[in-house]
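# Architecture and fold: a report
So you can see what is in the structure, the chains are spelled out below.
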Amino acid sequence: MSAGLVGVAAPAASAAAPLRVQILMFDGVEEQDFVAPVEVLGLAGKLTGGAVVSSLVSAGRPGPVKCTYGTVVEVPRSWSPGEADVLVVPGGGYTDRNGPGVHRLNADHGFLRRLAASRALPVGICTGTMVLSAAGLTKGRNATTHNGAKADLAAQGTKVIDARVVDDGDLITGGGITAGLEVSLWLVERFLGAKAAQQTEVVLEYERRGTVWRA
């Protein structure tokens, strides 16, 4: 798929034209926020013969990333905006403004400019939505985030929706740490179809929670 085609009327992904998803990694990232997309999208890709391809990418230089609870992940490459149809931005570290996590990303103005200019579909999970907000991508839009950050998100001009997943067309967000499961399954359904999403749920032995709010 071409990144420029991603949006409300994006064509369905297939093995011949897979959905390319990059999952952003940074020091302080919440383990569950990125592991859920890795698991769900990896499984969906396997079940569909390669209709979705996901990879971990670094917000900065490639190398080891230390997550919220001490897990160290070796990230092989940096984010490449032109090589992604979807960019998943997890959260982490929101309550510590001086430590590793989303606040350091939000202080990197060069990164935020690249994020704002990207044609990839932005997907915020938990407080990853606050990074999208810092890049100006949620202002005047419908979105959600972790309960502890919703007041901040609203103060930044976002229309906060109390839903598990909010699909505002060319912006998708999920509320809360475990919402990465629902967000990822919704991506599978939106781009690969309901059958692929249902098959993925069966193998995971997981039933989606909450509501998908659509504009």
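Here, every reference points to the structure presented above.
Residues numbered from 1 in each chain as written. Predicted model: local features only at pLDDT ≥ 70, side-chain atom pairs only at ≥ 80, totals over all residues. Heavy atoms only, no water.

Attention now moves to the overall build of the chain. A tally of helices and strands in the chain yields seven helices and 11 strands. Taking 17 Å as the expected radius of gyration for a compact globule of 215 residues, we find that the chain reaches 16 Å, a close match to that expectation. Based on the C-alpha atoms only, the size of the chain along its principal axes is roughly 45 × 35 × 35 Å. Burial statistics for the chain: of 215 residues in total, 53% are counted as buried. Pairs at least 24 apart in sequence give 62% of the contacts found in the chain among residues at least 6 apart. When the accessible area of the chain is evaluated, it comes to approximately 9,300 Å², of which 52% is carbon and sulfur surface. (Helix = DSSP H or I, 4+ residues; strand = E, 2+ residues; numbered from the N terminus. Rg over C-alpha atoms; globule rule 2.2 N^0.38 Å. Buried < 20%, exposed > 50% of the residue type's maximum accessible area, 1.4 Å probe, protein only. Contact = heavy atoms within 4.5 Å. Areas by Shrake-Rupley, 256 points an atom, 1.4 Å probe, with all protein chains shown as cover.)

This next bit is on the packing of aromatic side chains. Summed over all chains, the structure comprises one aromatic pair. Arg97 extends its terminal NZ or CZ atom over the ring of Tyr94, reaching a point 5.7 Å from the ring centre. (Phe/Tyr/Trp six-rings, centres within 6.5 Å; stacked < 30°, edge-to-face > 60°. Lys NZ or Arg CZ within 6 Å of the ring centre and 35° of its normal.)

What helix H3 (residues 109–117) keeps buried is the set Phe111, Leu112 and Leu115. Take H3 and look down its axis: the buried residues cluster within an arc of 100°, on one side only. Set apart from the buried face of H3 by more than 90 degrees, the exposed residues are His109, Arg113 and Ala117. Tucked inside the fold, the buried residues of H3 contact strand S1 (19–25), strand S5 (86–89), helix H2 (102–106) and helix H4 (128–134). (Arc of directions from axis to C-beta.)

Spatially, the seven strands line up as an open sheet ordered S2-S1-S5-S6-S10-S9-S11, and their pairing is mixed. Across the chains shown, the open sheet's two edge strands, defined by having one partner strand only, are strand S2 (52–58) and strand S11 (212–214). Across the sheet, the mean angle from the axis of one strand to that of its neighbour is 20°, orientation sign disregarded. Sheet topology note: the strand S6 (residues 121–125)/strand S10 (residues 172–174) ladder contains three bridges and is parallel. (Pairing = 2+ DSSP bridges. Axes fitted to C-alpha atoms, helices over the stretch in contact; angles between N-to-C directions.)

Such coordinate-based values are descriptive only and should not be taken to indicate function.
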